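Here are the chains, one letter per residue:
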Amino acid sequence: RGLGDVYKRQTLYVTVIAILIGIVLGVIVASIRTAHDQQRRKKNIVLGFFNAICKIYVTVIRGTPMMVQLLIMGFVIFKSSRNHTMVGALALGINSGAYVAEIVRGGLMSVDKGQMEAGRSLGLTHGQTMWSIIFPQGIKNCLPTYASEFIVLVKETAVVGYIGMTDLTKAYSTVQSRTMDAMPPLIIIAVVYFCITKVLSVIFAKMERRLRESDRR
């Protein structure tokens, strides 16, 4: 039981690190792509270069299986690393970042263009307008979609055992091999993941309700 608790903490640890990496990458990529798309006449060459890199990143990550990306990280790029936990978290975070980027970009692009013009007319710079006006509204618009991505990421941690990490799934696979009974370990895994995702669903639902209440005020 104590060992199972350790593996559950490992799973949660990987999830938290992957989420943080995904959020940082996603916001950066979404900001670059949104800023590039909002250009009108004069095109910024530097911004165009970084936008091209971001598009390649999003296209490649979303176009290849997450399992393949995990195996490449574990057995090719970081094959000499023994820190399987961080390798798994990094692989999941990079994968999540591509999806978060598109979610956040969709939220930012859904904000009325007049908001940017209004901010600039008040003397704010492009960056200040994005941070103070566009971002709060865009994040509010994409929160429901991001909640789904967040929950999917939690469930995807079940495959990090393939690169040698002792996560929740691998722990109960060990139990299964010793008891020769597959049903109890699998039920326990399903119940644990269901409880985690259910708690997260409730938290995001409360956040959405509070945001709707703030809009009414």
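None of the values given here were measured: they were computed from a predicted structure.

The rules behind each value
Residues numbered from 1 in each chain as written. Predicted model: local features only at pLDDT ≥ 70, side-chain atom pairs only at ≥ 80, totals over all residues. Heavy atoms only, no water. Helix = DSSP H or I, 4+ residues; strand = E, 2+ residues; numbered from the N terminus. Expected span 1.5 Å × (residues − 1). Polar contact = N/O pair within 3.5 Å; in protein donor to acceptor, adjacent residues only side chain to side chain. Axes fitted to C-alpha atoms, helices over the stretch in contact; angles between N-to-C directions. Parallel < 35°, antiparallel > 145°, perpendicular 65-115°, else oblique. Left-handed = near helix turned anticlockwise from the far one by under 90°. Contact = heavy atoms within 4.5 Å. Phe/Tyr/Trp six-rings, centres within 6.5 Å; stacked < 30°, edge-to-face > 60°. Buried < 20%, exposed > 50% of the residue type's maximum accessible area, 1.4 Å probe, protein only. Core = buried A, V, L, I, M, F, W, Y, C linked by side-chain atoms within 4.5 Å. Nonpolar A, V, L, I, M, F, W, Y, C, P; charged D, E, K, R; others polar. Patch = residues over 30% accessible without salt bridge, like charges linked within 9 Å, V, L, I, M, F, W, Y side chains within 5 Å. Areas by Shrake-Rupley, 256 points an atom, 1.4 Å probe, with all protein chains shown as cover. Salt bridge = Lys/Arg side-chain N within 4 Å of Asp/Glu carboxyl O.

Next up on the list: helix H2 (residues 45–63). Taking 1.5 Å of rise per residue, the 19 residues of H2 would be expected to cover 27 Å, and the 27 Å separating its terminal C-alpha atoms lies within 8% of that figure. The backbone nitrogen of Val46 lies 2.9 Å from a side-chain oxygen of the residue at the head of H2, namely Asn44.

A separate point is the packing of helix H4 (residues 84–109) against helix H6 (residues 126–156). Relative orientation of the contacting elements H4 and H6 amounts to 140°, with a least axis distance of 8 Å. Considered as vectors, H4 and H6 are oriented oblique to each other. By crossing handedness, the relation of H4 to H6 is classed as right-handed. Taken together, the residues of H6 that come into contact with H4 (itself represented by Leu92, Asn95, Ser96, Tyr99, Val100, Ile103, Val104, Gly107 and Leu108) are Met130, Ile134, Phe135, Gly138, Ile139, Asn141, Cys142, Thr145, Tyr146, Glu149, Leu153 and Glu156.

On to the packing of aromatic side chains. Under the counting rule described, the total for this entry stands at 4 aromatic pairs. With a centroid separation of 5.5 Å and an interplanar angle of 70°, the aromatic rings of Phe49 and Phe50 are classed as edge-to-face. Aromatic pair Tyr146 and Phe204: ring centres 6.4 Å apart, planes at 75°, arrangement edge-to-face. Taken as a pair, Tyr146 in helix H6 and Phe204 in helix H8 (residues 183–216) lie far apart in primary sequence, 58 residues in all. This pair shows no difference in class: Tyr146 is buried, exactly as Phe204 is. One aromatic cluster in this structure is built from Tyr146, Phe150 and Phe204.

Turning our eyes to something else, we now look at the nonpolar core. Across soluble globular proteins, you tend to see nonpolar side chains buried next to one another. Residues Leu92, Ile134, Tyr146 and Phe150 are the most contacted members of the largest nonpolar core, which totals 37 residues. If you list the elements that add at least two residues to this core, you get helix H1 (2–37), helix H3 (66–77), H4, H6 and H8. Top element by residues in this core is H6. It accounts for 12 residues. Of all hydrophobic cores here, the second largest spans 10 residues; its members include Leu47, Tyr57, Ile61 and Ala98.

Right, let's talk about the packing of helix H5 (residues 113–121) against H6 for a bit. Their axes nearest at 9 Å, the elements H5 and H6 cross at an angle of 140°. One element, H5, and the other, H6, form an angle in the oblique class. You can see that H5 and H6 cross each other, and the crossing is right-handed. For the pair formed by H5 and H6, the contact residues are Gln115, Met116, Gly119 and Arg120 on the first element and His126, Thr129, Met130, Ile133, Ile134 and Gln137 on the second. Looking at the contact of H5 with H6 residue by residue, the classes come out as 4 nonpolar, 5 polar and 1 charged.

Right, let's talk about the environment of Ala91 for a bit. Mapped onto the elements, Ala91 comes out in helix H4. Overall, Ala91 belongs to the buried group, its relative accessible area being 4%. Sequence separation between Ala91 and Leu70 is 21 residues, and the spatial gap between their C-alpha atoms is 5.5 Å.

Now for a nonpolar patch on the surface. On the surface, Val68, Leu71, Ile72, Phe75, Val76, Ile77, Phe78 and Tyr162 cluster together into a nonpolar patch covering about 730 Å² of accessible area. With respect to the helices and strands, the residue Val76 is situated in helix H3.

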